[in-house]
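Report on the structure
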Amino acid sequence: MKPGLHRLELPLAGHSIDHVNVYMLEAGGRLLIIDCGWSTPEARAHLEQFVAHLGYRLDDIDTVLLTHLHADHAGLAGWMQSWGASVGLHPADAVQLEDRFHMPQPHHDETSAWLAWAGVPESLWHRAQQQVSDQAAYFWPGVPDISLREGSVIRHGPFHLTVIHTPGHTPGSVSFYESSTRSLFSGDTLFSKSTYSPTLRPGSSEDPMSDYLDSLERLRPLDVEWVLPGHHPPFTGLAARIDTVASHHRARADLIARAIPSRGATAWEVAAGLPRRRDWSSLPVAAQLSATGETSAHLTRLSRSDVLEERTGPPNIWLPAGP
């Protein structure tokens, strides 16, 4: 990493991704942190140990910047506020704090509505609702102090972090561009290994796939040496990686459009019928729900592009567009 810039792989025990990257920028005897992991004893211990390894204490952390409001990135934010840190979050995600974590019943209700909309078998609904409860349990409640709006600059010694609104993964996802090191902190917008797909599920925007592809293009012109993602290793070659990911999504959209039978299908049925490395029936329920959300994002974009028609349910049925 660059001088004064450090990366911690914070464990996500039981998560398929294994860890989240937490970045620490040191200047003038103080720390700024980007993302902070689940609120678990293990995560808190790892973070505190790493801070001590750098020669600091928790109350030396001035600022915690969150790339988005998912518990694996924001879970410890409230705990770090209790040590005196200010927390930054984009307002489009901040408005969801109460429903998702402080008083989660509305999020449970939205999840039930989405499950019906997507045609998910009712026998699996309790597993989806358990996911909502599990994520809430990984979050330490807090209220952000800093509104991370497009173009705002967060200064920490020689580091100047420009906020770039990159919706898609969540409505308030942001990336941070640090010009002196030519570094892009991309959160969950761009990875070195995964061709991550946005999902249409409770808490997303109305058309997350279009938002996501637009966000990739907003990042393309940046003069970047290193991309520092929320998961997986840092990487170089921003434009080439954007080309690869965008091409993947175009191909996936074409595949989904061709997979719709003339009689129509639900999002769950389309997702279950798509080719993948593992048979659908062997996937964990969480993976099936994620795949249904990803497919839903593509279906919505295809419908808005007049490639497909959407028949209102629930469940909603997707059909090839008429001539």
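Residues numbered from 1 in each chain as written. Predicted model: local features only at pLDDT ≥ 70, side-chain atom pairs only at ≥ 80, totals over all residues. Heavy atoms only, no water.

Moving on, we get to the overall build of the protein chain. Per the secondary structure count, the protein chain includes eleven helices and 13 strands. For a compact globule of 323 residues, the expected C-alpha radius of gyration is about 20 Å, and the protein chain comes in at 20 Å, within 12% of that figure. Scored against the burial criterion, the 323 residues of the protein chain give a buried share of 53%. Within the protein chain, counting contacts between residues at least 6 apart in sequence, those at least 24 apart form 65% of the total. For the protein chain, the accessible surface area stands at approximately 13,800 Å², while carbon and sulfur atoms represent 51% of it. (Helix = DSSP H or I, 4+ residues; strand = E, 2+ residues; numbered from the N terminus. Rg over C-alpha atoms; globule rule 2.2 N^0.38 Å. Buried < 20%, exposed > 50% of the residue type's maximum accessible area, 1.4 Å probe, protein only. Contact = heavy atoms within 4.5 Å. Areas by Shrake-Rupley, 256 points an atom, 1.4 Å probe, with all protein chains shown as cover.)

Next up on the list: the sheet that holds strand β8 (residues 159-165). The pairing of strands in a sheet happens through backbone hydrogen bonds and is either parallel or antiparallel. In space, the five strands of this open sheet follow the order β7-β8-β9-β10-β11, with mixed pairing throughout. Each of the sheet's edge strands pairs with one partner strand only, and the pair in question is β7 (153-156) and β11 (226-229). The mean angle between the axes of side-by-side strands here comes to 25 degrees, regardless of whether they run parallel or antiparallel. With five bridges joining them, β8 and strand β9 (residues 174-178) adopt antiparallel strand pairing. Within β9, the residue paired with isoleucine 164 across the bridge is serine 175. (Pairing = 2+ DSSP bridges. Axes fitted to C-alpha atoms, helices over the stretch in contact; angles between N-to-C directions.)

Residues that lie three or four places apart on an α-helix share one face, since the helix turns once every 3.6 residues. Along its twelve residues, helix α8 (residues 208-219) runs 17 Å from first to last C-alpha, staying within 8% of the 16 Å computed at 1.5 Å per residue. Taken together, the buried residues of α8 touch β8, β9, β10 (183-187), α9 (238-259) and α11 (285-304). (Expected span 1.5 Å × (residues − 1).)

Core analysis: the biggest nonpolar cluster contains 44 residues, and Val120 and Leu190 have the highest contact counts within it. Broken down by secondary-structure element, the contributors of at least two residues to this core are α6 (105-118), α8, α9, α10 (267-273) and α11. With six residues, α11 is the largest single contributor of residues to this core. Apart from the residues lying within four places of it in its own chain, the contact partners of valine 120 are Trp114, Leu115, Trp125, Trp268, Leu289 and Thr292. Core analysis: the second largest hydrophobic core is formed by 32 residues, Leu8, Met24, Tyr56 and Leu76 among them. (Core = buried A, V, L, I, M, F, W, Y, C linked by side-chain atoms within 4.5 Å.)

In short, the description is geometric, and any link to function would need to be established separately.
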